[in-house]
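Here is what each chain is made of, one letter per residue.
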Amino acid sequence: MEVMESKEHLFGTKAAGVSGRNLSYQTVIKNTMRLQPIKFWAFTYIVAFLIYQFISPTFYLPFFVNIVNLILFPFSAMLMGKLANFFYPSFSFIRAILYPSYKTNPDSSNIFAAVFVLVVKLIIYIMIWHYTFIIGILGLIIAINDVKNLSK
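Calculation criteria
- Residues numbered from 1 in each chain as written.
- Predicted model: local features only at pLDDT ≥ 70, side-chain atom pairs only at ≥ 80, totals over all residues.
- Heavy atoms only, no water.
- Phe/Tyr/Trp six-rings, centres within 6.5 Å; stacked < 30°, edge-to-face > 60°.
- Helix = DSSP H or I, 4+ residues; strand = E, 2+ residues; numbered from the N terminus.
- Buried < 20%, exposed > 50% of the residue type's maximum accessible area, 1.4 Å probe, protein only.
- Lys NZ or Arg CZ within 6 Å of the ring centre and 35° of its normal.
- Salt bridge = Lys/Arg side-chain N within 4 Å of Asp/Glu carboxyl O.
- pLDDT = per-residue confidence, 0-100.
- Contact = heavy atoms within 4.5 Å.
- Core = buried A, V, L, I, M, F, W, Y, C linked by side-chain atoms within 4.5 Å.
- Patch = residues over 30% accessible without salt bridge, like charges linked within 9 Å, V, L, I, M, F, W, Y side chains within 5 Å.
- Areas by Shrake-Rupley, 256 points an atom, 1.4 Å probe, with all protein chains shown as cover.
- Axes fitted to C-alpha atoms, helices over the stretch in contact; angles between N-to-C directions.
- Parallel < 35°, antiparallel > 145°, perpendicular 65-115°, else oblique.
- Left-handed = near helix turned anticlockwise from the far one by under 90°.
- Nonpolar A, V, L, I, M, F, W, Y, C, P; charged D, E, K, R; others polar.

Draft legend 1. View of the packing of aromatic side chains. If you walk through the whole model with that rule in mind, you get five aromatic pairs. When the ring of F73 is compared with that of Y125, the centres are 6.2 Å apart and the planes differ by 75°; the resulting orientation is edge-to-face. Highlighted residues: F73 in helix α4 (residues 63-85) and Y125 in helix α6 (residues 111-130), separated in sequence by 52 residues. For the pair F73 and Y125, one class covers both residues: buried. What links up through ring pairs into an aromatic cluster is the set F40, W41, Y45 and F75. Between the NZ or CZ atom of R95 and the centre of the ring of Y99, over which it lies, the distance is 4.6 Å.

Next comes the structure, spelled out in structure tokens:
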């Protein structure tokens, strides 16, 4: 039997060209940014900047830690989203509070409940900001691991 080496006839990792290849630094960064949509990155960096400007002075953290928190906050939000998904569907209220989204339940017509959820979520994410230099590094490691798993 003849060995087929053209990519039209191959299947699996050989056809994709990923067998035995090491991912470059740029590829990992680019694919990590593709894990979430642009709206997510923009929104979380805007929230991080607002927390940095208005709330972080009350924590009395060193300047370097605040800059690291500013950079790693989206990865903390991604980690919280992963944790929030563990509570779905059994504890949907906990998921609604932890999941990094400004949208509330569209089925709910109670504005007070929606505002309450947003305020509680804001307080939780402000507390997460305080420890983002730890949580963000964990989120970054998990995101890079996800990229490597998706690239295989």
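Draft legend 2. Broad picture of the pattern of salt bridges. What the rule picks out here adds up to one salt bridge. Across the salt bridge formed by D146 and K82, the nearest N and O atoms sit 3.0 Å from each other. Of the two residues, D146 sits in helix α7 (residues 132-151) while K82 sits in helix α4, which places them 64 residues apart along the sequence. Given a relative accessible area of 37%, K82 falls into the partly exposed group.

Draft legend 3. Spotlight on the confidence of the model for the chain. Confidence along the chain averages 81 in pLDDT terms, with 82% of residues attaining 70 or more. Long-range and interchain partners of residues 10-20, a stretch whose pLDDT sits below 50, account for 10 contacts in this model, where long-range means more than four residues apart.

Draft legend 4. Layout of unusual backbone geometry. Even without being a glycine, Y60 presents a positive backbone phi close to 55°. With respect to the element layout, Y60 can be found in the loop between α3 (38-54) and α4.

Draft legend 5. The arrangement of the environment of I134 in detail. Looking at the secondary structure, you find I134 in helix α7. Considered as a pair, I134 and N69 are 65 residues apart in the sequence and their alpha carbons are 8.9 Å apart.

Draft legend 6. Geometry of the nonpolar core. Counting residues in each nonpolar core, the largest one holds 23 residues, and the members touching the most others are I51, F73, F75, M78, Y125 and W129. Elements that contribute at least two residues to this core include exactly α3, α4, α6 and α7. In terms of residue count, the dominant contributor to this core is α4 (10 residues). With sequence-adjacent residues up to four places away left out, F75 is seen in contact with T32, M33, W41, G136, G139, L140 and A143.

Draft legend 7. Up close: the side chain of N66. Residue placement: N66 occurs in helix α4. Setting aside chain neighbours within four positions, we find N66 in contact with Y52, S56, L61 and W129.

Draft legend 8. Quick peek at a nonpolar patch on the surface. Residues I111, V115, V119, I123 and M127 make up a contiguous nonpolar surface patch of roughly 480 Å² in combined accessible area. Assignment of secondary structure puts V115 in helix α6. Note on V115: relative accessible area 46%, which makes it partly exposed.

Draft legend 9. View of the packing of α4 against α6. Packing of α4 against α6 brings their axes to within 9 Å, and their N-to-C directions diverge by 125°. Put simply, α4 runs oblique to α6. In this structure, α4 meets α6 at a crossing whose hand is right-handed. For the pair α4 and α6, the contacting residues are N66, N69, L70, F73, S76, A77 and M80 in the first and Y125, I128, W129 and H130 in the second. Of the residues assigned to the contact of α4 with α6, the class counts are seven nonpolar, four polar and no charged.

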